[in-house]
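# Descriptive analysis of the structure
Now for the letters of each chain:
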Amino acid sequence: METVLVLDFGAQYSQLIARRVRECRVYSELVPHDAPIDEIRARNPRGIILSGGPASVYEDGAPGINPEIFDLGVPVLGICYGMQVMAQALGGTVARTGKSEFGKTELSVLREVVLLDDLPATQSCWMSHRDSVTEPPSGFQVTGATASSPVAVMENTERGLYGIQCHPEVVHTPYGADVLKNFLFEACDCSPTWTVVSIIEETEAAIREQVRDQKVICGLSGGVDSSTAALLVYRAIGENLTCIFVDHGLLRKNEAEQVIDAFRNHFHVPLVHVEAQERFLTRLAGVADPEMKRKIIGEEFIRVFEEEARKLEGAHFLVQGTLYSDVIESGTRDAARIKSHHNVGGLPVDMDLELVEPLRNIFKDEVRNVAAELGLPDNMVWRQPFPGPGLAIRIIGEVTEERLEILREADFVLQEEVRRAGLYRDLWQSFCVLPAIRSVGVMGDERTYAYPIVIRAVTSEDAMTADWARLPYDLLETVSSRIINEVTGVNRVALDISSKPPSTIEWE
Ligand code: XMP
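In this report, the structure presented in the accompanying data block is examined. (Residues numbered from 1 in each chain as written. Predicted model: local features only at pLDDT ≥ 70, side-chain atom pairs only at ≥ 80, totals over all residues. Heavy atoms only, no water.)

## A few points about the sheet that holds strand β8 (residues 153-156)
Note the following rule: Here a strand pair is declared whenever DSSP counts at least two bridges between the two strands. By the criteria applied, helices consist of DSSP H or I runs no shorter than four residues and strands consist of E runs no shorter than two, each listed in order from the N terminus. Fitted lines through C-alpha atoms give the axes, limited to the stretch in contact for helices. The angle between two N-to-C directions lies from 0 to 180 degrees.
The strand order across the open sheet built from nine strands is β2-β1-β3-β4-β9-β8-β7-β5-β6, with neighbouring strands paired in mixed fashion. A single partner strand is all that each edge strand has here, and the edge strands are β2 (27-32) and β6 (122-135). Neighbour to neighbour, the strand axes of the sheet diverge by 20° on average, direction disregarded. Two strands pair when backbone bridges link them, and β8 and strand β9 (residues 161-164) are joined in this way by four bridges, in the antiparallel orientation. Across the sheet, Met154 pairs through a bridge with Gly163, a residue of β9.

## Details of the site of the ligand
To keep things clear, this is the line we draw: When at least one non-hydrogen atom of a residue lies within 4 Å of a molecule or strand, that residue is treated as near it. Counted as a polar contact is a pair of N or O atoms within 3.5 Å, where, for protein atoms, one must be capable of donating a hydrogen and the other of accepting one, and residues adjacent in sequence contribute only when both atoms are in side chains. All accessible areas in this document rest on Shrake-Rupley with a 1.4 Å probe, and a residue is counted as covered only by the protein chains that are shown.
In the region of the ligand, twelve residues are neighbours, and Arg294, Gln429, Lys500, Ile505 and Glu506 sit closest. Taking Lys500, its side chain carries an N or O atom lying 2.7 Å from an oxygen atom of the ligand. Between Ile505 and the ligand, the recorded distance is 2.8 Å, taken from a backbone N or O atom to an oxygen atom. Alone, the ligand offers 500 Å² of accessible surface; in the complex the protein occludes 77% of this.

## Considering the pairing of strand β12 (residues 271-275)
Put simply, the test is: The handedness rule is simple: strands pointing away from the viewer, and a clockwise path from the first strand over the helix to the second, make the crossover right-handed.
When strand β11 (residues 241-247) meets β12, the two strands line up parallel, connected through five bridges. Paired with Ile244 across the strands is Val272, a residue of β12. Regarding the hand of the β-α-β motif, the stretch spanning β11, helix α7 (residues 255-266) and β12 is right-handed.

## Observations concerning helix α3 (residues 81-89)
We count it as follows: Burial classification: accessible surface area is computed with a 1.4 Å probe over protein chains only, and a residue below 20% of its type maximum counts as buried, one above 50% as exposed, and the rest as partly exposed. The contact criterion used throughout is that any non-hydrogen atoms of two residues lie within 4.5 Å.
Burial analysis of α3 places seven of its nine residues in the buried class, the great majority of the element. Turning to α3, its buried residues number three or more, namely Tyr81, Gly82, Met83, Gln84, Val85, Met86 and Ala87. As for α3, its buried residues are in contact with β3 (47-50), β4 (76-79), β5 (93-109), β6, β8 and β9. Once α3 finishes, Gly91 follows within two positions and takes phi at roughly 95°, a positive value.

## Here we look at the packing of aromatic side chains
Applicable threshold: Centres within 6.5 Å make a pair out of two Phe, Tyr or Trp rings, where for Trp the six-membered ring is used; the pair is then stacked when the planes are under 30 degrees apart, edge-to-face when over 60, and tilted otherwise.
For the structure shown, the criterion picks out six aromatic pairs. Here Tyr27 and Trp194 contribute two aromatic rings whose centre-to-centre distance is 5.2 Å and whose plane-to-plane angle is 55°, an arrangement assigned as tilted. Taken together, the residues Tyr27 in strand β2 and Trp194 in the loop between α4 (176-187) and α5 (196-211) connect sequence positions 167 residues apart. With respect to burial, Tyr27 and Trp194 carry one shared label: buried.

## What to know about the packing of helix α6 (residues 224-237) against helix α12 (residues 364-374)
Condition: An angle counts as roughly parallel when it lies under 35 degrees, as roughly antiparallel when it exceeds 145, as roughly perpendicular when it falls between 65 and 115, and as oblique in every other case. Note on convention: the crossing is left-handed when the near helix lies turned anticlockwise from the far helix by less than a right angle, right-handed when the turn is clockwise. Note that Gly is not counted as nonpolar here; it falls among the polar residues with everything else outside the nonpolar set of Ala, Val, Leu, Ile, Met, Phe, Trp, Tyr, Cys and Pro and the charged set of Asp, Glu, Lys and Arg.
One way to put it is that α6 packs onto α12 with a least axis distance of 10 Å and a crossing angle of 50°. Overall, the two elements α6 and α12 adopt an arrangement that is oblique. The interaxial crossing formed by α6 with α12 has left-handed handedness. The residues of α12 that touch α6, namely those facing Val224, Asp225, Thr228, Leu231, Leu232 and Arg235, are Lys364, Val367, Arg368, Val370, Ala371 and Leu374. Grouping the constituent residues of the contact of α6 with α12 by class yields seven nonpolar, one polar and four charged.

## Some points on the side chain of Thr228
In this structure, Thr228 sits in helix α6. A polar side-chain atom of Thr228 sits 2.6 Å from the main-chain carbonyl oxygen of Val224. Beyond its immediate chain neighbours, meaning those up to four positions away, Thr228 contacts Leu359, Val367, Val370, Ala371 and Leu374.

## Some thoughts on unusual backbone geometry
Here the residue pair Lys500 and Pro501 is connected by a cis peptide bond, since its omega of -15° sits within 30 degrees of zero. Mapping Pro501 onto the fold places it in the segment after β19 (490-495). In this structure, Pro502 follows Pro501 across a cis peptide bond, with omega equal to 10°. Among the secondary structure elements, Pro502 is positioned in the segment after β19. Residues other than glycine seldom take positive phi values, yet Asn44 does so here, at roughly 50°. Note on placement: Asn44 falls in the loop between α2 (37-42) and β3.

Written out as structure tokens, the structure is:
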């Protein structure tokens, strides 16, 4: 597989570079800037990109580069700090000119060589830097400039070395994708062959090689990650996979049926459906403390899963839906451990099972493309994230059968209306919360004393931060009126208008 490695110098945009390269259908991975040269050589990359970074090359402890990178015979593109570190290593001059550039800047093409080939003579680009290359290393020609950066683009075609001061990976650089394509297809001679189909084929081959003819189990939640991981493994090894779907009774309306229908009836994947509603609710009885609820659910989930796994004697492998962003965020080394807590509700690390992680190299949007290609129904492909502890952490106070039913019905109305308004995919999450208070209302001529429902809808990129969604008033009106009329036990609807931080997305 043709691979382009992105050496990460710590920029907030490093991940984005790998994603943009993948959007050009070339496989790309992020590696630490100080990855040993032998490791880099062993990966046999078609090209190397040096990312930007927050440091100045003159700072103590600024991340440096092993100059052997430039002698690998592999084209290298330095972006922002990556360009500066390249210039410095090869004998050019980097200076603190006092002319920093932040934001949109006009870039002029001086020569169309490789990077700026076929681009307009002037164009807007996104800059974010203080230091500048003032003198390129010998052998480089200057091919682009801005008012404050006379050496904004430099190229040495003979050695296949390129530098650009602005950020081609961000959307504010409209011709950024063309710059990357010029590097990938002209300088590196890559071919755009990394497609969803090739991801599926390569992943299946890797699973077969890892697992061979041994038994594998997979905790299926119904979320897009675990579902896609399960389908990939099923395609690779067939009946040697058994999925375990634990219904803890804290799912949304019709959710269990959808998952079972898709996996058992449509894909014919061996599936154990554990109906554990009663045992979860019994353990949650009388518990109002959020952390206590989470602990109980996590523990109980492990118990159920272990019991079922034991029944499937001889299983050696456990499927996990770990994504590439999890791998990057956890600094690559202990990602599997971190995700085992998150994904399958806190499985113990000392479980005697080896992990199979078919999504380890792909991003969330790529997972969705794979899921669609594998035929997962749309409502599962595009499902908004749903927390492992389910509705329990959206019911403030005690979780009872009656309160679950209220929340489930209200949530169903909200989902239906959000979808009808065409907003489901624009929202990171949209759901209802049931607080532990009641208020007075009047219905017909009767006084009511019932629960309110709180609508929570947020937009977000990654759930680390989130903004409350500006839902249209018409939609809010319909949802409010339907919930109050259709859901017994509710007489008021409120809207949560808090962002994260300082609030969190979930209420508990
Ligand atoms: P918060 O509430 O911390 O949530 O802003 C951030 C994101 O994480 C989801 N979430 C969970 N997901 N198990 C999960 O798999 C959990 O225990 C859990 N708790 C919160 C939440 O829905 C949001 O997308």
